[in-house]
Amino acid sequence: MALAVVNGPTVTEFVEDKQAFETSVKECFEMLDTNGDGEISRDELCAGICKFMTQTKQEMGNLCDSIFERFDENKNGSIDPKEFRSLMEEIMFAMARGIGNSPVLMVLDPESLLMKAVQHEYAKK
């Protein structure tokens, strides 16, 4: 874990940099796709989310159900790279709106998309 200063514009600019965002989302997708079949199953998604959240098994199941209902566009029971990108983009824009324009000090996982947004901003300086 690392401390970083984050604000909404940092996150938004990262998502809008298509190349940087696509590369980072692809890395996240590959981490979650534990069997390497090019899709994220419900079990893979839930296992990945469980690493970062402390909800009950029922709450995690409900969250995964909601994600699949919203983002599994073709309703085939898995999230493909395009669907995953849409999910990550929506989450990141929501976080940017929630954080707002004021800098916020956060503890971030070094591999998280928020940390990648911070690194993206520092690389521009």
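Only a predicted model underlies this, so the values are computations on that prediction, with no experimental measurement involved. Once a new chain begins, its residue numbering starts again from 1 and follows that chain's sequence as written. Reporting in this predicted model follows two pLDDT cut-offs: at least 70 for local features of residues, and 80 or more for side-chain atom pairs to be given and counted; totals over whole chains, interfaces and linings ignore these cut-offs and use all residues. Where side-chain values are given, they derive from all heavy atoms of the structure, hydrogens and water being excluded.

### Some words on a nonpolar patch on the surface
Together, Met1, Leu3, Val5, Leu105, Val107 and Tyr122 line one region of the surface with nonpolar side chains, adding up to about 710 Å² of accessible area. A run of H or I in DSSP becomes a helix once it reaches four residues, and a run of E becomes a strand once it reaches two; helices and strands are each numbered from the N terminus. Mapped onto the fold, Leu3 is located in strand E1 (residues 2-6). Residues qualify for a patch when their relative accessible area is over 30% and they have no salt bridge, like charges being joined within 9 Å and the nonpolar side chains of Val, Leu, Ile, Met, Phe, Trp and Tyr within 5 Å. For the accessible areas, the method is Shrake-Rupley and the probe is 1.4 Å, while residue cover comes only from the protein chains on display. One side-chain nitrogen of Lys or Arg within 4 Å of one carboxyl oxygen of Asp or Glu is enough to make a salt bridge.

### So, the UniProt feature "domain: EF-hand" (unreviewed entry) in the protein chain
UniProt's feature table lists "domain: EF-hand" (unreviewed entry) at residues 20-55 and 59-94, given in the numbering used throughout. In residues 59-94, the share of helix is 75% and the share of strand is 6%. The end C-alpha atoms are 21 Å apart. UniProt positions are given in the numbering used here, feature names are shortened, and annotations may be inferred rather than shown by experiment.

### Quick look at the packing of helix H4 (residues 57-71) against helix H5 (residues 81-99)
Interhelical geometry of H4 versus H5 gives an angle of 115° and a closest axis separation of 10 Å. Looking at the two axes, H4 sits roughly perpendicular to H5. When you trace H4 past H5, the crossing you get is right-handed. Of the residues in H5, those in contact with Ile67, Arg70 and Phe71 of H4 are Glu83, Ser86, Leu87 and Glu90. Classifying every residue of the contact of H4 with H5 by side-chain character gives 3 nonpolar, 1 polar and 3 charged. An axis is simply a line fitted to the C-alpha atoms; with a helix, the fit covers only the stretch in contact. Between two such axes, the angle follows the N-to-C directions and lies from 0 to 180 degrees. To sort the angles, those under 35 degrees are grouped as roughly parallel, those over 145 as roughly antiparallel, those from 65 to 115 as roughly perpendicular, and the leftovers as oblique. In this scheme, a crossing is called left-handed if the near helix is turned counterclockwise away from the far one by less than a right angle; it is called right-handed if the turn is clockwise. Note on contacts: a residue pair is in contact if any heavy atoms of the two residues lie within 4.5 Å. Residues are grouped as follows: nonpolar covers Ala, Val, Leu, Ile, Met, Phe, Trp, Tyr, Cys and Pro; charged covers Asp, Glu, Lys and Arg; every other residue, Gly included, is treated as polar.

### Focus on the environment of Leu45
Its place among the elements puts Leu45 in helix H3 (residues 42-50). Note on classification: 1.4 Å probe, protein chains only; a residue is buried when its accessible area is under 20% of the maximum for its type, exposed when over 50%, partly exposed between these limits. Overall, Leu45 belongs to the buried group, its relative accessible area being 4%. C-alpha of Leu45 to C-alpha of Glu22: the two residues are 23 residues apart in sequence and 19 Å apart in space. Beyond its immediate chain neighbours, meaning those up to four positions away, Leu45 contacts Leu32, Ile40, Cys64, Ile67 and Phe68.

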